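# Structure assessment
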2 protein chains.
Amino acid sequence: MAAPDEGIGHEELALAARNHGIPLEALRHDVTPPGLHYILLHYDIPTVDADAAAAWTLPVHGRVRTPLTLDLAALRALPSVTHRVTMECAGNGRARLSPRPVSQPWLTEAVGTADWTGVPLRTLLAEAGVEPDAVEVVFTGADHGVERGVEQDYARSLTVADATAADPEVLVAYEMNGAPLPPQHGYPVRLVVPGWYGMASVKWLADITVTDTPFTGFQQAVAYRYRQTPDEPGEPITRIAPRALMAPPGFPDFMSRTRVVRPGPVELEGRAWSGRAPVVRVEVSTDDGATWRDAELGPAPADGDAWSWRRWRTSWDAVPGRHVLTVRATDAEGTTQPLTQPWNRGGFANNEVQRITVACA
Amino acid sequence: MAAPDEGIGHEELALAARNHGIPLEALRHDVTPPGLHYILLHYDIPTVDADAAAAWTLPVHGRVRTPLTLDLAALRALPSVTHRVTMECAGNGRARLSPRPVSQPWLTEAVGTADWTGVPLRTLLAEAGVEPDAVEVVFTGADHGVERGVEQDYARSLTVADATAADPEVLVAYEMNGAPLPPQHGYPVRLVVPGWYGMASVKWLADITVTDTPFTGFQQAVAYRYRQTPDEPGEPITRIAPRALMAPPGFPDFMSRTRVVRPGPVELEGRAWSGRAPVVRVEVSTDDGATWRDAELGPAPADGDAWSWRRWRTSWDAVPGRHVLTVRATDAEGTTQPLTQPWNRGGFANNEVQRITVACA
């Protein structure tokens, strides 16, 4: 945990230089252009060339009747589906917390939307035949490193129920936006778990093991838990809390990122999403949350793309002076983004509203 | 300028979250994969869809006999060339300086290599016919913002001699790695100035004006100058100083990025470049610069790709303990990277050697 008023240190900066968020103006695109989708890399990007991809195999084994081993050709030969999915890092917003958990120092931009193509995980599990005593499915990536003294391959699990659900439908994906996965997004094959924070979507997928006991690996039992104190077991991080972001209007000051707009009508637009239920309302404030108005919602996501963001827009009549713009989303479960953030030790699932300072002149 | 021991602030962090360097393990690729090449955005990425790209035109005017206006089809109809170019941000290394200039806080990773395809600028200038009294060519981008109180379109100039040279040959580029430019790299058209720091390669190119007076715009006369005091005019930043980087061996600790390797032979590899002259020597130290050995250089860049990086490798017999690895490049002008950095107010052209901490166990 950082001390009060402690600035970002070199270690956090080294993470910020590797990982990156979406430049907020790219919220104007339905699908995030290549290279602008957020990335969070725990360890190194595995170096996988075309030869290594051709030799790649994925075992599906453990508590199954018929263990499978698929190569890329076998996976591509199976019926595929494409889902448009909005993915967000569980640590988004962490750097604004006080005290600040020391880790990847996200502000508000760790999000992106892509079209992912692959084979439904439930297809593979049905083919393998999950044994009745199975409880979880463990996914292991090829990325390897050390975290708080624990050497590990990155690994996460889902319950059998979540792994085989029709909605959200988990994918074993080999294409992003109609092209092979970029190295940083899991080439040649990754998991995509719609509606969940990104930690569930294991990249560089190397192994699927069905187990008869709950998985207790580091990323499941130690990291990615809601905790107030270091000793409690904590609750697991799962689905994405509702959030709206605005593409900042006007143009920026290079250093402060304060926006400049001219007096008169200004179009405000952005995206809103929730991994728990559809977004049903987006409200905009141009006076730092004192008053709110409803934004106009764009079309609801198409069938199969339910866990992708939704466009919103409104118009603002800007008058000279400084203004703080903010926006908040509400989902069909009735959850609205908070104006201040409940704190947890990991800095997870922080969906405090975005605030944009605008100078109108 | 940051105070002594002042951590990175929220404004610097907001830049670090937008812009990103190359994940150092990607130094293993000859050409940097899409999305991993560094980006430095002064203002917003202009939103240019296919319709806007089709309507885009580039005037070439000012002190020329025949002003031109090219659209994308006209540009693509001209004979094109492809150059492999290593580009580096002039601010690379800034965050390690003391006192630290407050701006985009790069550590060592603001670099990337791409194949750029386009029309040589000298072809366009020959067609337009540069008048005898012309001294500079000014390039203006579509990106707009405010910097230290000055509202501006991003703009830079080259002398007529630099703009029309056969080597380095400046390109008006419309493809990166065989595909249309990604939005963040200048779609639909940008300048590429091989050998120069990235600030010269104006993105989202909107105008080329030949002038009979030196350009005094903000990015030329105020920013991107070597200065020791705020009041001196300073010298312009131009070509890239020599630098070598190593792909960190072994695997990382998530937070500290300390590397872990096993005892025994460890392959060390990376890339080296200079925008001033070919790289002729790369030396590696495994004891924080106390002793050095020569690395083996890969093939020199092909003709036409002279301003791209060169691979290097060596083997290291790792023994248990902590080690600091470092590497330094020397170019044909006889310039070797320094072990400590001469300071300047902008934090420019910092080519102090990279240091990688390794725990061998």
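In this text the structure is predicted, and so the values were computed from the model without any measurement. (Residues numbered from 1 in each chain as written. Chains lettered and ligands numbered in written order. Predicted model: local features only at pLDDT ≥ 70, side-chain atom pairs only at ≥ 80, totals over all residues. Heavy atoms only, no water.)

## Quick notes on the pattern of salt bridges
Inspection of every chain in the model, using the stated rule, returns 40 salt bridges over all chains. A salt bridge links Arg243 of chain A to Glu88 of chain A; the nearest nitrogen and oxygen atoms lie 2.8 Å apart. Placement of Arg243 of chain A in strand 13 (residues 243-246) and of Glu88 of chain A in strand 3 (residues 81-88) is noted, with a sequence separation of 155 residues between them. Each member of the pair, Arg243 of chain A as well as Glu88 of chain A, is classed as buried. Measuring nitrogen to oxygen at the nearest pair gives 2.7 Å for the salt bridge that ties Glu269 of chain B to Arg311 of chain B. Highlighted residues: Glu269 of chain B in strand 16 (residues 264-273) and Arg311 of chain B in strand 20 (residues 310-318), separated in sequence by 42 residues. The structure contains a network of salt bridges with shared partners spanning Arg281, Glu283, Asp294 and Arg328 of chain A. (Salt bridge = Lys/Arg side-chain N within 4 Å of Asp/Glu carboxyl O. Helix = DSSP H or I, 4+ residues; strand = E, 2+ residues; numbered from the N terminus. Buried < 20%, exposed > 50% of the residue type's maximum accessible area, 1.4 Å probe, protein only.)

## Some remarks on the UniProt feature "domain: Oxidoreductase molybdopterin-binding" (unreviewed entry) in chain A
Within this numbering scheme, the UniProt entry marks residues 43-218 of chain A as carrying the feature "domain: Oxidoreductase molybdopterin-binding" (unreviewed entry). In this annotation, residues 43-218 of chain A is assigned 14% helix and 39% strand; the end-to-end C-alpha distance for the span is 14 Å. (UniProt positions renumbered as here; feature names shortened; annotations may be inferred.)

## A short note on helix 4 (residues 121-128) of chain A
Residues and elements named next belong to chain A. The set of residues buried in helix 4 consists of Leu121, Leu124, Leu125 and Ala128. Along helix 4, the residues classed as buried sweep out an arc of 95 degrees about the axis, all on the same side. Just past helix 4, the residue Gly129 takes up positive phi, approximately 80 degrees. (Arc of directions from axis to C-beta.)

## A closer look at the domain arrangement of chain A
Residue and element names in this part refer to chain A. Split into domains, chain A comes out as domain 1 (10-236) and domain 2 (243-360). Relative to domain 2, the C-alpha centre of domain 1 lies at a distance of 27 Å. Facing 39 residues of domain 1, the contacting portion of domain 2 comprises 25 residues. Taken together, the two surfaces of domain 1 and domain 2 that pack against each other cover about 3000 Å², and 54% of this comes from carbon and sulfur. It is Leu27, Arg28 and Leu97 in domain 1 that bury the most area against domain 2; as a group they hold 20% of the surface buried on that side. On inspection of domain 1 and its partner domain 2, the count reaches three salt bridges. For the side of domain 1 that touches domain 2, the secondary structure elements donating two or more residues are strand 3, strand 4 (111-120) and strand 11 (225-226). Take the side of domain 1 that touches domain 2: its biggest share by element is six residues, from strand 3. Each residue belonging to the side of domain 1 that touches domain 2 can be placed in one class, and the counts come to 15 nonpolar, 15 polar and nine charged. (Domains from an automatic or database assignment. Contact = heavy atoms within 4.5 Å. Buried area = accessible area lost by both parts, 1.4 Å probe. Nonpolar A, V, L, I, M, F, W, Y, C, P; charged D, E, K, R; others polar.)

## Focus on the pairing of strand 2 (residues 68-71) of chain B
All names here are of chain B. Burial along strand 2 is one-sided: the face carrying Leu68 and Leu70 is buried and the face carrying Thr69 and Asp71 is not. Inspection of the sheet shows strand 1 (residues 57-62) paired to strand 2 by four bridges, in the antiparallel sense. Bridging from a neighbouring strand, Pro59 pairs with Thr69 of strand 2. The antiparallel hairpin formed by strand 1 and strand 2 contains five residues in its connecting segment. (Pairing = 2+ DSSP bridges.)

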